[in-house]
Each structure stands twice: as structure tokens, then as C-alpha cells.
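Descriptive analysis of the structure
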Amino acid sequence: MSGNTKICAVVGNPIKHSKSPDIHHAFARAEHIDLEYLRIESPLDGFDATVRTFFSRPMHVGLNVTVPFKEEAFALADVLTDRACLAGAVNTLWRDAQGRLNGDTTDGAGLVRDMCVNNEWVLRNKKVLIVGAGGAVKGVLQPILNEKPADIVICNRTAEKAEQLAVHFSALGNIRAVACSELVGPFDIVINGTSASLAGTLPPISERVIAGHTAVYDMMYAPQTTAFNAWALEHGAAAALDGLGMLVEQAAEAFALWHGVRPETGEILLNLRKA
Ligand code: ATR
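Small disclaimer: the values here were computed from a predicted structure and weren't measured.

Further remarks concern the sheet that holds strand β9 (residues 175-177). A sheet is described by the order of its strands in space; here 6 strands give the open sequence β9-β8-β7-β10-β11-β12, paired in parallel fashion. In this open sheet, the two strands that pair with only one neighbour each are β9 and β12 (239-241). Across the sheet, the axes of successive neighbouring strands diverge by a mean angle of 20°, strand direction being ignored. Packing of helix α9 (residues 227-234) onto the sheet brings it into contact with β10 (189-192), β11 (215-218) and β12, and relative to β11 it is tilted by some 170°.

Okay, here's the thing in C-alpha cells:
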């Protein structure tokens, strides 16, 4: 590390299992950028101070924000992108030339890029089911709607939250909430945005949402096939992806915001899968 080394970090709680340092260091090596990327565990009641301390130091150029601080980062930013405003969450922070704290969210762009570029899925004119209505889903709806699917249905264990999200995004496309027990399938694409896979459980939806042509994306990732993807494949889904590609692509978006160059993601994604 020298006086010219740029410092970035991911802040969360807990944070020790974050793959972001490996991903950003690989990008930096490929792009010949002198970068040190740290993990910072912020106290739950001290996020504001953690961010201010980080950016008070020279060469500290960018912060990624993860669970449970994305809404606090949104509240803290002086300048927000449109997509961060709609998401109500921020996963990428940096200071601009005027010293203002800027906030963006790259999660949705990362998800769409992994689906549509890395895996050549087409969302346009497709019937899409999104399961879940928490922060993770709110963060990805705008980029998905931008792809102009024919119809987006949101369902959630707590139905009112799906209804609120459908209303919040209704100006951007065909989006509606349906109770989990009343879903009429099948769908072309099913996205699991619940945290159920973290606990190895399944959201309460019927296998009738799946047909032989259905492609499934679980926004969670795990070394083994996630519970949701295993369930979908058992019921005949054509393809199932987990959220590792989304993780790498959201990182590439953040890297581009900080360093002005969007890195290639193919090789690091392959290496992470092998590991
Ligand atoms: P995140 O930031 O990961 O979205 P969140 O805002 O707490 O976290 O939202 C978690 C989502 O996963 C919610 O949609 C939640 O459903 P509820 O709104 O009913 O709580 C969903 N979820 C979590 N565990 C689940 C489970 N075992 N079955 C079904 N849905 C689950």
C-alpha cells in the first residue's frame, strides 16, 4: 500500500463473510488500479459515525453498504440517483468534487445484467413472478420494469407489503400484487427475493407457477443449490440461477461509479463458482 492507494470498503454487520473484497481486488488487478478494499463491521447504532470517519480520510473513495444499513445509507446521502430514490436504499456511497455524499443502488442493475447479459434471458414481454416484498425486492423492481416485461406479479407471505410495492411502482409498468394462495401460473420467469433460502425454507407458493419453460432466479447464493432452486428444478424448471452473478455484477457497477471503468466479470464469476 502506498500514498496513492485508493481505499474502498464494504460496511455491514455482520461482515466477515463478505466476498466483496475478493471481487473488487480481482477487478482492480485486471484494471491496473492500486486499490485496498476493506471489510468494516459497523456497530448497529453507529453507522453514521462509521461512514463519516471513513470519508474523512484521504484516498478513501468509496463504500459499499450491506445488511442492515442500506436504508440508513439512503437517509445519510446528500445526493441520490433516481433508482436509489425509488428503491429507498443505497448500496454504494462516494464523495463528489463538492464534498457531498452521493448514494446509488446497483443491486437491480446487477440482477438484470446477470439475467439478460451473462445468461441471455429475455424479460421483454415475459410473464414474471417476483416472490417477496422486502428491501431486496424493492431495490430491483425499477431495472426489471425497465426491461418491459408483459406483466409483473408480486406475491409475499405478508400480502399487504406486496400490495404496497405494486402501488409504489405502478407508474413504471404492468405490476400487480396477488396473494400467494391465488397465483395462477405458469410464469416465464420466477424471481425469489425472499430471505427464506437463508433458512433453507420455501416461500408459500404452489409448484403450479413452474412449467417446463420457466427460468428461476434466487437472489440468494450458497455453495450448494438453494432450497428454492432445488424445489423449482424438481418441478421441471428449465433453468435456475443463484445470486452470485448478481453479487459480482452489482460490484462491477459500483466499481465503475468509483473508478470510471466497468471491469469484465466473466473470469471472477467462474473463479468464485469453482471456489
Ligand atoms: P431483505 O432486505 O432481504 O429483503 P426484508 O426486508 O426483511 O429483508 O424482507 C425479507 C423478505 O423475505 C420478506 O418478503 C419476507 O416476507 P414477510 O414480508 O412476510 O416477512 C420474506 N421471507 C423471509 N422469510 C420467509 C419465509 N420463511 N417464507 C416466506 N417469506 C419469507
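The discussion continues.
Time to look at the nonpolar core. Counting residues in each nonpolar core, the largest one holds 28 residues, and the members touching the most others are Ile191 and Tyr217. At the level of secondary structure, the elements contributing two or more residues to this core comprise α5 (107-118), β7 (127-131), α7 (141-146), β8 (151-155), α8 (159-168), β10 and β11. Among the elements that line this core, the one with the most residues is α5, at 4 residues. Residues Val10, Ala28, Ile33 and Trp258 belong to the second largest nonpolar core, which totals 22 residues.

A few words on the site of the ligand. Among the 15 residues in the neighbourhood of the ligand, the closest are listed as Ala136, Asn156, Arg157, Thr158 and Lys161. When the ligand is considered free in solution it has 640 Å² of accessible area, and contact with the protein chains removes 70% of it. A majority-of-atoms criterion places the ligand in the largest pocket. Classifying every residue of the shell around the ligand by side-chain character gives 5 nonpolar, 8 polar and 2 charged.

Take the pairing of strand β3 (residues 60-65) next. For β3, a buried count of 5 out of 6 residues is recorded, marking the element as mostly surrounded by other parts of the structure. Relative to β3, strand β1 (residues 6-12) runs parallel, the two sharing 5 bridges. If you follow Val10 over to β3, its bridge partner there is Asn64.

Attention now moves to the pattern of salt bridges. Under the criterion given, the structure shown has 10 salt bridges. The residue Lys70 makes a salt bridge to Asp107 at a minimum N-O spacing of 2.9 Å. Of this pair, Lys70 sits in helix α3 (residues 70-76) while Asp107 is found in helix α5, placing the two residues 37 residues apart along the sequence. Overall, Lys70 belongs to the partly exposed group, its relative accessible area being 22%.

Along the chain, Lys138 turns up in helix α6 (residues 135-138). Given a relative accessible area of 26%, Lys138 falls into the partly exposed group. For the pair Lys138 and Ala49, spaced 89 residues apart in sequence, the C-alpha to C-alpha distance is 26 Å. When sequence neighbours within four positions are dropped, the list of residues in contact with Lys138 reads Leu86, Ala87, Leu165, His168 and Phe169.

Cut-offs used in this document
- Residues numbered from 1 in each chain as written.
- Predicted model: local features only at pLDDT ≥ 70, side-chain atom pairs only at ≥ 80, totals over all residues.
- Heavy atoms only, no water.
- Pairing = 2+ DSSP bridges.
- Helix = DSSP H or I, 4+ residues; strand = E, 2+ residues; numbered from the N terminus.
- Axes fitted to C-alpha atoms, helices over the stretch in contact; angles between N-to-C directions.
- Contact = heavy atoms within 4.5 Å.
- Core = buried A, V, L, I, M, F, W, Y, C linked by side-chain atoms within 4.5 Å.
- Buried < 20%, exposed > 50% of the residue type's maximum accessible area, 1.4 Å probe, protein only.
- Near = heavy atom within 4 Å.
- Areas by Shrake-Rupley, 256 points an atom, 1.4 Å probe, with all protein chains shown as cover.
- 1 Å grid on protein atoms, 1.4 Å probe; cavity = no way out; pocket = protein on both sides within 12 Å on 5 of 7 lines; lining within 4 Å.
- Sits in = over half its atoms within 2 Å of the grid points.
- Nonpolar A, V, L, I, M, F, W, Y, C, P; charged D, E, K, R; others polar.
- Salt bridge = Lys/Arg side-chain N within 4 Å of Asp/Glu carboxyl O.

Honestly, it's all geometry; don't read function into it.
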